[in-house]
Amino acid sequence: MSKAEIFNRIRAGLHVAKDDEVRRQAVRNRLQAKASNIIPKRAQLPTAEMMSLFLEMATESAAEVIELSGRNELAQAVENWLSVNGIDHLVTANDSNLTELSWSTDTTLIRERRPAQVGDEASLTNAFCAIAETGTVMLYSGEHSPTTLNFLPDCHLIVVSASTLVGPYEDAWSRLREKFPESMPRTVNLITGPSRSADIEQRLQMGAHGPRRLIIFMLHDE
Amino acid sequence: MQVRSPEFKESARIALTDANLQKALGNLKAGFPAKRATAAARLPEFEALRDQARDLKNHIIEHLDLYLEEFERNVTANGGTVHWCRTAEDARQTILQICREQGAKTVTKGKSMVTEEIGLNEYLEKQGIEPVETDLGEYILQLRQDHPSHIVAPAIHLTLDDVADAFHEHHKRPRSEDPAVLMQEAREMLRKKFVSADVGITGANFLIAETGSTIICTNEGNGDLTQTLPKTHVVVSSIEKVVPTLEDMTLFLRLLARSATGQEFTVYNTLSTGPRRPGDTDGPENFHVVLVDNGRSEMVGSEFQEMLRCIRCSACMNHCPVYGAVGGQTYGWVYPGPMGSVLTPQMVGIEQAGLLPNASTFCGKCEEVCPVRIPLPKLMRHWRDKEYEKHLSPAAVRYGLKFWAFFAKRPGLYRLLSASSNRFLRLMAGKKGRATRLPLAGGWTDHRDIPAPSGKTFMQQWQEQNR
Ligand code: SF4
């Protein structure tokens with residue numbers, strides 16, 4: 001019984017008994033309180049400044065940000081971006097916020113709703129929220145948001161609604177708990193910029209195994 | 001992995017004259033320390049976060065069994081399975097068993113030092129299962145049948161030339177010396193492996209008791225492909241990585257990337273909780289967490305307990321003059337640098353690793369930068385004491401210390417001797433003021449000069465000033 005042996009050793013080392021109620025209470029308290037630790041001042045800002053911090057930090061992380069006023073501009077902006085970059089194939093999550101857009105009818109763009117496959121050039125997903133502190137976006141896995149879309153395609157296009165912007169990570173956890181009070185989704189991704197590696201002579205190269213480019217469409221009125 | 005720590009002195013001698021290695025190590029010294037300093041300076045709360053992280057880790061260790069219990073409960077509630085492994089052998093067998101149940105032929109791997117610690121790759125290969133490292137650095141090492149020399153940047157001991165040669169040989173493509181081209185080659189080669197693997201193995205930076213989640217922090221995205229595409233995801237982690245809540249994990253995340261690479265945040269911080277849910281269209285169907293003890297529970301309550309605070313950021317080795325001079329492989333086992341000099345004797349025995357805690361200048365830089373404030377020099381000294389007690393240190397050291405103690409207890413003689421050795425050193429140094437050779441100290445003077453003492457002994461100065 002490895003588990004019992006490990007626990008016995010730990011308790012012997014700590015000189016505590018298995019049923020020490022004081023210790024159990026301390027653990028219960030901490031787990032229940034979910035208290036924040038120090039939150040940097042940088043992340044505690046009024047909304048307007050939070051937005052500029054997010055834009056600044058996301059750009060620093062080498063994400064590319066395209067600012068729009070609302071979702072009605074989204075399809076056009078995505079189509080423009082794809083055509084400028086010579087991409088005519090887009091995989092999206094099966095999410096009505098993304099599929100029911102005013103996509104143009106006279107285009108060569110092929111859109112598919114499915115998880116990603118090797119060879120996909122671009123994907124479009126919805127962020128659950130955005131975190132100003134480090135210019136990070138949060139996504140989770142679910143029926144309408146497969147995780148592979150965030151990692152396999154060469155270019156990852158993410159839609160962020162301004163109203164989902166929070167300052168520190170702690171606020172993002174609160175939102176996540178509100179949305180999923182029972183248990184976490186299988187995968188929660190915090191993404192800050194495109195994939196990279198400095199494993200060859202410490203020289204930074206973009207586009208290791210994940211997306212080479214990360215494009216954030218920020219919807220200011222939503 | 002074979003323990004080569006007893007050869008430390010010989011390996012160090014070779015490393016110091018290895019021009020290729022010295023060039024590669026130059027990249028490390030030029031990079032990480034300055035980046036960490038900048039990142040720390042940008043966050044005014046950095047020092048306060050370190051204090052809080054130290055205290056939280058102490059709290060966790062004092063309640064380690066209970067947080068682990070809670071973690072297991074929540075992994076199970078979410079449909080995953082926790083496996084407890086006291087030894088490296090237990091862990092290897094457990095992982096093999098999971099692979100066998102899946103009929104696995106190929107296993108992709110994200111970066112994991114614990115799997116290095118338990119020698120997983122060699123073991124799986126012997127059992128006919130192909131492990132494929134997918135982190136770029138680890139992939140390069142696997143092609144070269146090499147091992148990591150650094151816990152964050154595993155291939156830091158190699159130059160661009162080394163990588164170009166390895167890829168040219170294994171990929172059968174024209175040789176390129178462009179890092180971007182080389183990375184693209186690896187990307188293409190590994191895509192096929194990601195989709196064809198039966199099992200994906202990753203490490204974990206933290207285990208979250210509250211939710212039963214594990215988290216990996218990576219820049220490449222290979223860990224995410226490793227754990228999302230195969231049918232089975234196995235997380236291999238050590239027991240001290242548990243944290244109570246997401247908020248507590250956040251405290252360490254704010255310190256980890258800044259201390260390691262000087263980044264504000266790692267590109268991908270990914271939480272995994274159980275297998276895919278009903279309705280999910282991708283993700284693994286099975287989720288296993290293999291918890292490895294391998295000597296850690298013995299550290300609880302010992303003089304090395306504080307080492308369990310380590311979050312594997314690598315700052316201590318990035319700032320260590322000894323590591324910077326000889327590189328990670330000289331340490332002869334999995335964990336190099338100051339943290340390795342404390343951990344390796346625990347895991348492979350002081351008999352084999354006794355030279356490591358001695359390979360220190362005790363400059364204190366490691367403790368100065370450690371995000372969880374581990375007193376590394378003090379812990380190395382504990383090992384030296386233990387080694388001395390066991391009479392494991394070489395006779396010359398033991399007799400040397402006895403010799404010194406004899407004189408130190410006799411102040412008159414001591415003063416006479418130190419004043420005369422001062423004169424002796426000045427004599428050896430001559431006009432340049434630096435001695436290039438000293439009898440009985442070849443290990444030191446082969447690679448550096450010893451400055452001649454300028455002026456009086458400490459005791460002489462002390463007496464003069466307190467007159
Ligand atoms: S000992 Fe401290 S500095 Fe070294 S790797 Fe561990 S946490 Fe980082």
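Residue indices begin from 1 for each chain and proceed along its sequence in written order. Throughout, the order in which chains and ligands are written sets their labels, letters from A for the former and numbers from 1 for the latter. Predicted model: local features are reported for residues with pLDDT of at least 70 only, side-chain atom pairs are reported and counted for 80 or more only, and whole-chain, interface and lining totals are derived from all residues. In computing side-chain values, all of the structure's heavy atoms are included and hydrogens and water are not.

### A closer look at the overall build of chain A
Inference 1: Numbering goes from the N terminus for both helices and strands, where a helix is a DSSP run of H or I of at least four residues and a strand is a run of E of at least two. When you go through chain A residue by residue, the secondary structure sums to 6 helices and 12 strands.
Inference 2: For this measure, only C-alpha atoms enter the radius of gyration; the expected value for a globule follows 2.2 Å times N^0.38, where N is the number of residues. Its C-alpha atoms give chain A a radius of gyration of 21 Å, more than 25% over the compact-globule value 17 Å for 222 residues.
Inference 3: For chain A, the spread of C-alpha atoms along the three principal axes comes to 75 × 40 × 40 Å.
Inference 4: With 222 residues in all, chain A has 57% of them scored as buried.
Inference 5: Taking as baseline every contact in chain A between residues at least 6 positions apart, the subset at least 24 positions apart corresponds to 72%.
Inference 6: For chain A, the exposed area adds up to about 9400 Å²; of that, 48% sits on carbon and sulfur atoms.
Inference 7: Charged side chains in chain A number 23 positive and 29 negative. The centres of these two groups are separated by 12 Å. Throughout, exposure labels follow a simple rule: accessible area from a 1.4 Å probe, protein chains only, divided by the maximum for the residue type, with under 20% read as buried, over 50% as exposed, and the rest as partly exposed. Contacts are assigned to residue pairs that have any heavy atoms within 4.5 Å of one another. With residues, only the protein chains shown are counted as cover, and all accessible areas are computed by Shrake-Rupley using a 1.4 Å probe. Note that His is not counted, nor are the chain ends; the positive residues are Lys and Arg, and the negative ones are Asp and Glu. Each charge is placed at NZ for Lys, CZ for Arg, CG for Asp and CD for Glu.

### Considerations on the overall build of chain B
Inference 1: Helix and strand content of chain B: 23 helices and 12 strands.
Inference 2: Looking at chain B alone, contacts between residues at least 24 apart form 72% of all its contacts between residues at least 6 apart.
Inference 3: Within the structure as shown, chain B displays about 18300 Å² of accessible surface, and the carbon and sulfur contribution to it stands at 53%.

### Observations regarding the interface of chain B and chain A
Inference 1: Counting residues at the interface gives 102 residues for chain B and 75 residues for chain A.
Inference 2: Two parts placed together each lose some accessible area; with a 1.4 Å probe, that loss summed over both constitutes the buried area. Summed over both partners, the interface of chain B with chain A comes to about 7700 Å²; 56% of that surface belongs to carbon and sulfur atoms.
Inference 3: Taken as a group, B:Arg187, B:Glu247 and B:Arg254 account for 10% of the area that chain B buries against chain A, more than any other trio of residues on that side.
Inference 4: Each salt bridge in this description consists of a side-chain nitrogen of Lys or Arg and a carboxyl oxygen of Asp or Glu lying within 4 Å of one another. Scanning the region where chain B abuts chain A turns up 17 salt bridges.
Inference 5: For A:Arg24, the salt bridge identified is with B:Glu69, shortest N-O distance 3.3 Å.
Inference 6: N or O atoms closer than or at 3.5 Å make up a polar contact, with two conditions inside protein: a donor-capable atom paired with an acceptor-capable one, and, for residues adjacent in sequence, both atoms drawn from side chains. Applying the counting rule to chain B against chain A returns 51 residue pairs in polar contact (both at pLDDT 80 or more).
Inference 7: A total of 11 residues in the side of chain B that touches chain A trace back to one element, the largest contributor, which is helix H10 (residues 179-196) of chain B.

### Structural notes on unusual backbone geometry
Inference 1: Here the phi dihedral of B:Lys172 falls at roughly 55°; this positive angle occurs in a residue that is not glycine.
Inference 2: Take B:Lys172: it is sitting in the loop between helix H9 (160-171) and H10.

### Quick word on the sheet that holds strand E1 (residues 64-68) of chain A
All names here are of chain A.
Inference 1: One open sheet holds the 6 strands; their spatial order is E1-E12-E7-E4-E2-E3, and the pairing between them is parallel. Of all the strands in the sheet, the pair left with one neighbour each is E1 and strand E3 (110-113). Each strand of the sheet is rotated relative to its neighbour by a mean of 25°, with strand direction disregarded.
Inference 2: One bridge is not enough; two strands pair if DSSP finds at least two bridges between them. Bridge analysis of E1 against strand E12 (residues 213-219) gives 5 bridges, and the strand direction is parallel. For Glu67, the partnering residue across the bridge sits in E12 and is Met218.
Inference 3: Interaxial angles span 0 to 180 degrees and are taken between N-to-C directions of axes, which are lines fitted to C-alpha atoms, for helices over the stretch in contact. In this fold helix H4 (residues 74-84) packs onto E1, strand E2 (89-92), strand E4 (122-126), strand E7 (155-161) and E12, with an angle of close to 155° to the strand it touches most, E12.

### Re the pattern of salt bridges
All names here are of chain B.
Inference 1: Counting across every chain of the model gives 49 salt bridges over all chains.
Inference 2: As a salt-bridge pair, Arg373 and Glu47 come within 3.0 Å of each other at their nearest N and O atoms. In this pair, Arg373 sits in the loop between helix H18 (365-369) and helix H19 (376-389) while Glu47 sits in helix H3 (residues 46-62), placing the two residues 326 residues apart along the sequence.
Inference 3: Arg373 gets classed as partly exposed once you look at its relative accessible area, which sits at 22%.
Inference 4: We classify Glu47 as partly exposed; its relative accessible area is 38%.
Inference 5: Glu303 is the salt-bridge partner of Lys386, the closest N and O atoms lying 3.4 Å from each other.

### Things to note about the nonpolar core
Inference 1: Among the buried residues, those of types Ala, Val, Leu, Ile, Met, Phe, Trp, Tyr and Cys that are joined through side-chain atoms within 4.5 Å form a nonpolar core. Counting residues in each nonpolar core, the largest one holds 129 residues, and the members touching the most others are B:Met249, B:Met307 and B:Tyr335.
Inference 2: With 8 residues, the top contributor of residues to this core is helix H12 (residues 246-260) of chain B.
Inference 3: Beyond its immediate chain neighbours, meaning those up to four positions away, B:Tyr335 contacts B:Met113, B:Val114, B:Glu117, B:Ile151, B:Arg296, B:Arg312, B:Gly340, B:Leu343, B:Thr344 and B:Met347.
Inference 4: If you look at the next biggest cluster of nonpolar residues, it comprises 71 residues, including A:Met51, A:Val159, A:Leu219 and B:Tyr268.

### What to know about the confidence of the model for chain B
Inference 1: Mean pLDDT over chain B: 89, with 84% of residues reaching 70 or higher.
Inference 2: Interface confidence for the predicted complex, expressed as ipTM, amounts to 0.97; the pTM equals 0.89. For every residue, the pLDDT score states the predictor's confidence, bounded by 0 at the bottom and 100 at the top.

### Regarding the sheet that holds strand E4 (residues 199-202) of chain B
Residues and elements named next belong to chain B.
Inference 1: Read across the sheet, 6 strands follow the order E1-E10-E7-E4-E2-E3 without closing on themselves; strand pairing throughout is parallel. Each of the sheet's edge strands pairs with one partner strand only, and the pair in question is strand E1 (81-85) and strand E3 (130-133). Neighbour-to-neighbour, the strand axes of the sheet open up by a mean angle of 25°, direction not taken into account.
Inference 2: In the sheet, strand E7 (residues 232-238) pairs with strand E10 (residues 286-292) via 7 bridges, with the strands oriented parallel. Pairing of Thr232 across the sheet is with Asn286, part of E10.

### Let's talk about helix H8 (residues 136-143) of chain B
Inference 1: Most of H8(B) sits inside the fold, with 7 of its 8 residues counted as buried.
Inference 2: Buried within H8(B) are the following residues: B:Leu136, B:Gly137, B:Glu138, B:Tyr139, B:Ile140, B:Leu141 and B:Leu143.
Inference 3: Buried positions along H8(B) lie against strand E10 (196-197) of chain A together with helix H6 (113-117), E3, H9 and H10 of chain B.
Inference 4: Where H8(B) begins, one side-chain oxygen reaches toward the backbone nitrogen of B:Gly137, 3.1 Å away; that side chain belongs to B:Asp135.
Inference 5: Phi turns positive, to about 50°, at B:Gln145, one or two residues after H8(B).

### A closer look at helix H2 (residues 19-42) of chain B
Residues and elements named next belong to chain B.
Inference 1: By this rule, a helix spans an expected 1.5 Å times one less than how many residues it contains. With 24 residues, H2 extends 36 Å between its outermost C-alpha atoms, agreeing within 8% with the 34 Å of an ideal straight helix rising 1.5 Å per residue.
Inference 2: Of all the residues in H2, the buried ones are Leu21, Ala24, Leu25, Leu28, Gly31, Phe32, Pro33, Arg36, Ala39 and Ala40.
Inference 3: Of the surrounding elements, those touching the buried residues of H2 are helix H1 (8-16), H3, H12, helix H14 (315-318), helix H15 (321-326) and H18.
Inference 4: A distance of 3.1 Å separates the backbone nitrogen of Asn20 from a side-chain oxygen at the start of H2, and that oxygen is part of Asp18.

### Quick word on the packing of aromatic side chains
Inference 1: Any Phe, Tyr or Trp ring, taking Trp's six-membered ring, that has another such ring centre within 6.5 Å forms a pair; planes under 30 degrees apart are called stacked, those over 60 apart edge-to-face, and the others tilted. All told, the structure shown has 11 aromatic pairs over all chains when counted by the stated rule.
Inference 2: On the basis of an interplanar angle of 85° and a centroid distance of 5.2 Å, the ring pair of A:Phe7 and B:Trp84 is categorised as edge-to-face. Of this pair, A:Phe7 sits in helix H1 (residues 2-14) while B:Trp84 sits in strand E1, on two different chains.
Inference 3: Judged by relative accessible area, which is 4%, A:Phe7 ranks as buried.

### Describing the state of the cysteines
In a disulfide, the sulfur atoms of two cysteines are held together by a covalent bond.
All names here are of chain B.
Inference 1: When the sulfur atoms of two cysteines come within 2.5 Å, that pair is taken as a disulfide. Tallied over the entire structure, the rule returns 0 disulfides over all chains.
Inference 2: Just so you know, Cys217 is unpaired, no disulfide at all, and the nearest cysteine sulfur is the one on Cys313, 12 Å from it.
Inference 3: The exposure class of Cys217 is buried, given its relative accessible area of 14%.

### A few points about the packing of H3(B) against H12(B)
Residues and elements named next belong to chain B.
Inference 1: Here H3 crosses H12 at 125°, and the two axes come no closer than 10 Å. Classified by the angle between their axes, H3 and H12 sit oblique to one another. At the point where H3 passes H12, the crossing takes the left-handed sense. For the pair formed by H3 and H12, the contact residues are Phe46, Leu49, Arg50, Gln52, Ala53, Leu56, Lys57 and Ile60 on the first element and Asp248, Leu251, Phe252, Arg254, Leu255, Arg258 and Ser259 on the second.
Inference 2: Of the residues that constitute the contact of H3 with H12, the class distribution is 8 nonpolar, 2 polar and 5 charged. Put simply, angles under 35 degrees are roughly parallel, angles over 145 are roughly antiparallel, angles from 65 to 115 are roughly perpendicular, and the rest are oblique. Each crossing gets its hand from how the near helix is turned against the far one by less than a right angle, where anticlockwise is left-handed and clockwise is right-handed. Throughout this entry, Asp, Glu, Lys and Arg are counted as charged residues, while Ala, Val, Leu, Ile, Met, Phe, Trp, Tyr, Cys and Pro are counted as nonpolar. The remaining residues, Gly among them, count as polar.

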